[in-house]
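Chain and residue survey
Take a look at the letters that make up each chain.
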Amino acid sequence: MAACTSQHALISVKPRCASASFSSDRRAGNVRFVSTTSCCPSSRKLGLVCASNSQSSVIEPAKLPSSPESGSNPKKSSEAALILIRHGESLWNEKNLFTGCVDVPLTPKGVNEAIEAGKRICNIPVDVIYTSSLIRAQMTAMLAMMQHRRKKVPIIVHKESERAHQWSQVYSEETKKQSIPVITAWQLNERMYGELQGLNKQETADLFGKEQVHEWRRSYDIPPPNGESLEMCAERAVSYFKEQIIPQLVSGKHVMIAAHGNSLRSIIMHLDKLTSQEVISLELSTGIPMLYIFKEGKFIRRGSPAGPSEAGVYAYTKYMHNYNQKLKQLTQ
Ligand SMILES: O=C(O)[C@H](O)COP(=O)(O)O
C-alpha cells in the first residue's frame, strides 16, 4: 500500500477512515488544503477522505458500468467514474529539478507508486484512458492498468498521421472489446516551466528567494520566466477536459486521466470550484489516485480508493458494487 511520503499531501492514503465527508463542495469538508509533515493523523485527514464500508450516503443504483458485454460500447449510464492520477516519481522529481514539459521517465520508486495506484483502482471500471504526451504519465497509466482486475489491454491510439492511424488498426471486434483506448494529449502536459526547466528547485530558491520561487510554483496567474502560469496551463487543460473528456463521461464512459501536478491542479480547481487563492494550497502527491463520480452533470468527490484488500471503492455506490460483483464472477 502506498504511504503518505510527501511533505505536502493532498490525499490521505490510509485505507480506512472513521468518517467520510465526500463532497465536491469546497466548503463542505476538510478536504484538500494540507501542509503537514505527519502522515494521515485521523484528526487531520489530508485532502480526500477514504473508503469506508460503513459509508452511508450511497448513490442510487444505476445501470451496470461497462462490462465485458458492453465492450467498447458502454451503455449510457447515469453514473460514471473519473479517476485522476498524477504520475509516479520521475527521475527529475528525485533530483528535485524543475521538469515541466521535459520528457523524463519514472524512477523505480515511481514505477512502484504507479503499481500501487493500480491496485487501489483495480476494481473501478475504466473504459478510456487519457494521458499527457509525456512518458512519465503514460508509464503511470500503463503500469496502473496492469493491476486492473478486468485485464483489458490499454492500447495507445495513434492519430498523429493517417499512416500511424491506419497501421495501428485492430481487425477483431472481440480483441477491441478486450482493449482500452489510451488517448494522449499535449493539453494535459505539465505546465511549461520556462527557463526554470532543468534547474534545481532548492538552488533556485536560494538564488531568487523562497517567496519568489513559491510564487512561480504555486500562484495562479504569475508565470515563471518564459513559462506558463497555472492559469495558462488551465486554459488548455481545462478546455480539453471540457471538450473531450466530459462528453465521454456524459455518455457513461468511465475515464482515467494520468497527468501531472499542475495540469491536474487546474482540472481539480475547476471540478471543486476552487478560487485562485485556494488553489495555492492544493498539492498533489505522486502516484495517488483520486476518484470522482460524475452523476447528473455533477462531480462528486469520492476520495482515494482503497487497495484491494481493504474496504473497497464499492462501498461508495451500489453502482460500483454491482460492477464489482460482475467482475468477481468473471474472474473466478
Ligand atoms: O514540473 C515539475 O517540476 C514538477 O513535476 C511539478 O513541479 P511543482 O511542484 O513545482 O509544481
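Residues numbered from 1 in each chain as written. Predicted model: local features only at pLDDT ≥ 70, side-chain atom pairs only at ≥ 80, totals over all residues. Heavy atoms only, no water.

1. Here we look at the overall build of the protein
On a plain count of helices and strands, the protein comes out with ten helices and seven strands. Element-wise, carbon and sulfur atoms account for 51% of the exposed surface of the protein, whose accessible area totals about 14,500 Å². (Helix = DSSP H or I, 4+ residues; strand = E, 2+ residues; numbered from the N terminus. Areas by Shrake-Rupley, 256 points an atom, 1.4 Å probe, with all protein chains shown as cover.)

2. Quick look at unusual backbone geometry
Only a minority of non-glycine residues have a phi that is not negative, and only a minority of peptide bonds are not trans. Of note, N226 is a non-glycine position whose phi angle comes to about 60°, a positive value. Mapped onto the elements of the fold, N226 is located in the loop between α7 (210–218) and α8 (230–250). In this structure, E296 is a non-glycine residue whose phi angle is positive, near 45°. Among the secondary structure elements, E296 is positioned in the loop between β6 (289–295) and β7 (298–303). Residue classification places E296 among the exposed residues on the basis of a relative accessible area of 66%. (Buried < 20%, exposed > 50% of the residue type's maximum accessible area, 1.4 Å probe, protein only.)

3. Examining the UniProt feature "active site" (unreviewed entry) in the protein
If you check UniProt for "active site" (unreviewed entry), the listed places come out as H87 and E190 in our numbering. Spatial clustering of the annotated residues is evident: they stretch over 104 residues in sequence, but the largest pairwise C-alpha distance comes to 10.4 Å. The contact partners of H87, leaving out residues within four places of it in the chain, are N93, L106, R136, A137, T140, A259, H260, T286 and G287. Structurally, E190 can be placed in the loop between β4 (179–184) and α6 (201–208). Not counting chain neighbours up to four residues away, the residues in contact with E190 comprise G100, C101, L134, R136, E228, R236, H260, G261, N262 and S263. (UniProt positions renumbered as here; feature names shortened; annotations may be inferred. Contact = heavy atoms within 4.5 Å.)

4. Notes on the UniProt feature "site: Transition state stabilizer" (unreviewed entry) in the protein
What UniProt calls "site: Transition state stabilizer" (unreviewed entry) maps, in this numbering, to H260. With a relative accessible area of 0%, H260 lands in the buried category. Once residues lying within four places of it in the same chain are set aside, the contact partners of H260 are R86, H87, S132, L134, R136, A137, L188, N189, E190 and R265. Within the structure, the side chain of H260 is placed 2.7 Å from the side chain of S132, a separation counted as a polar contact. (Polar contact = N/O pair within 3.5 Å; in protein donor to acceptor, adjacent residues only side chain to side chain.)

5. Re the site of the ligand
All residues adjacent to the ligand are R86, N93, L97, F98, T99, G100, E190, Y193, K201, R217, R218 and N262. Contact between the ligand and Y193: an oxygen atom at 2.5 Å from a side-chain N or O atom of the residue. Take R217: an N or O atom from its side chain is 2.6 Å from an oxygen atom of the ligand. For the shell around the ligand, the class distribution of residues is three nonpolar, four polar and five charged. (Near = heavy atom within 4 Å. Nonpolar A, V, L, I, M, F, W, Y, C, P; charged D, E, K, R; others polar.)

6. Concerning the environment of N112
Mapped onto the elements of the fold, N112 is located in helix α2 (residues 108–120). Given the relative accessible area of 46%, N112 is considered partly exposed. N112 sits 175 residues away from G287 along the chain, and the two C-alpha atoms are 8.7 Å apart.

7. Observations concerning the packing of aromatic side chains
Centre distance and the angle of the planes are the two values used to describe a pair of aromatic rings. Evaluation of the coordinates by the stated rule reveals six aromatic pairs. Between the aromatic rings of Y130 and Y240, the centroid separation amounts to 6.0 Å while the plane-to-plane angle is 75°, which identifies the pairing as edge-to-face. Taken as a pair, Y130 in strand β2 (residues 128–131) and Y240 in helix α8 lie far apart in primary sequence, 110 residues in all. On the basis of relative accessibility, which here comes to 2%, the residue Y130 falls in the buried class. For the ring pair Y292 and F299, a centre distance of 6.5 Å and an interplane angle of 85° mean the geometry is edge-to-face. (Phe/Tyr/Trp six-rings, centres within 6.5 Å; stacked < 30°, edge-to-face > 60°.)

8. A word on the pattern of salt bridges
Counted under the stated rule, the structure contains six salt bridges. Between E283 and R218 there is a salt bridge, with the nearest N and O atoms lying 3.0 Å from each other. Of this pair, E283 sits in the loop between α9 (261–271) and β6 while R218 sits in helix α7; the two residues are 65 residues apart in sequence, bridging distant segments of the chain. With respect to burial, E283 and R218 carry one shared label: buried. The closest approach of N and O atoms between R236 and E228, which form a salt bridge, is 2.5 Å. A relative accessible area of 10% places R236 in the buried class. (Salt bridge = Lys/Arg side-chain N within 4 Å of Asp/Glu carboxyl O.)

9. Description of the nonpolar core
Residues L82, L84, F241, I257 and F299 are the most contacted members of the largest nonpolar core, which totals 32 residues. At the level of secondary structure, the elements contributing two or more residues to this core comprise β1 (79–86), β2, α8, β5 (255–259), α9 and β6. Examining the composition of this core, we find that eight residues originate from one element, α8, more than from any other. Formed by 16 residues, the second largest nonpolar core is a distinct cluster that contains I83, V126, M256 and L291. (Core = buried A, V, L, I, M, F, W, Y, C linked by side-chain atoms within 4.5 Å.)

10. Here we look at the packing of α6 against α7
Across the interface, α6 lies against α7 with an axial gap of 6 Å and an inter-helix angle of 125°. Put simply, α6 runs oblique to α7. Contact residues: K201, T204, A205 and F208 in α6; K210, Q212, V213, W216 and R217 in α7. Residues of the contact of α6 with α7, tallied by class, amount to four nonpolar, two polar and three charged. (Axes fitted to C-alpha atoms, helices over the stretch in contact; angles between N-to-C directions. Parallel < 35°, antiparallel > 145°, perpendicular 65-115°, else oblique.)

11. Considering a negative patch on the surface
Together, E215, D221, E231 and E235 give the surface a local cluster of negative charge. With respect to the helices and strands, E215 occurs in helix α7. (Patch = residues over 30% accessible without salt bridge, like charges linked within 9 Å, V, L, I, M, F, W, Y side chains within 5 Å. Lys, Arg positive; Asp, Glu negative; His and termini not counted. Charge placed at Lys NZ, Arg CZ, Asp CG, Glu CD.)

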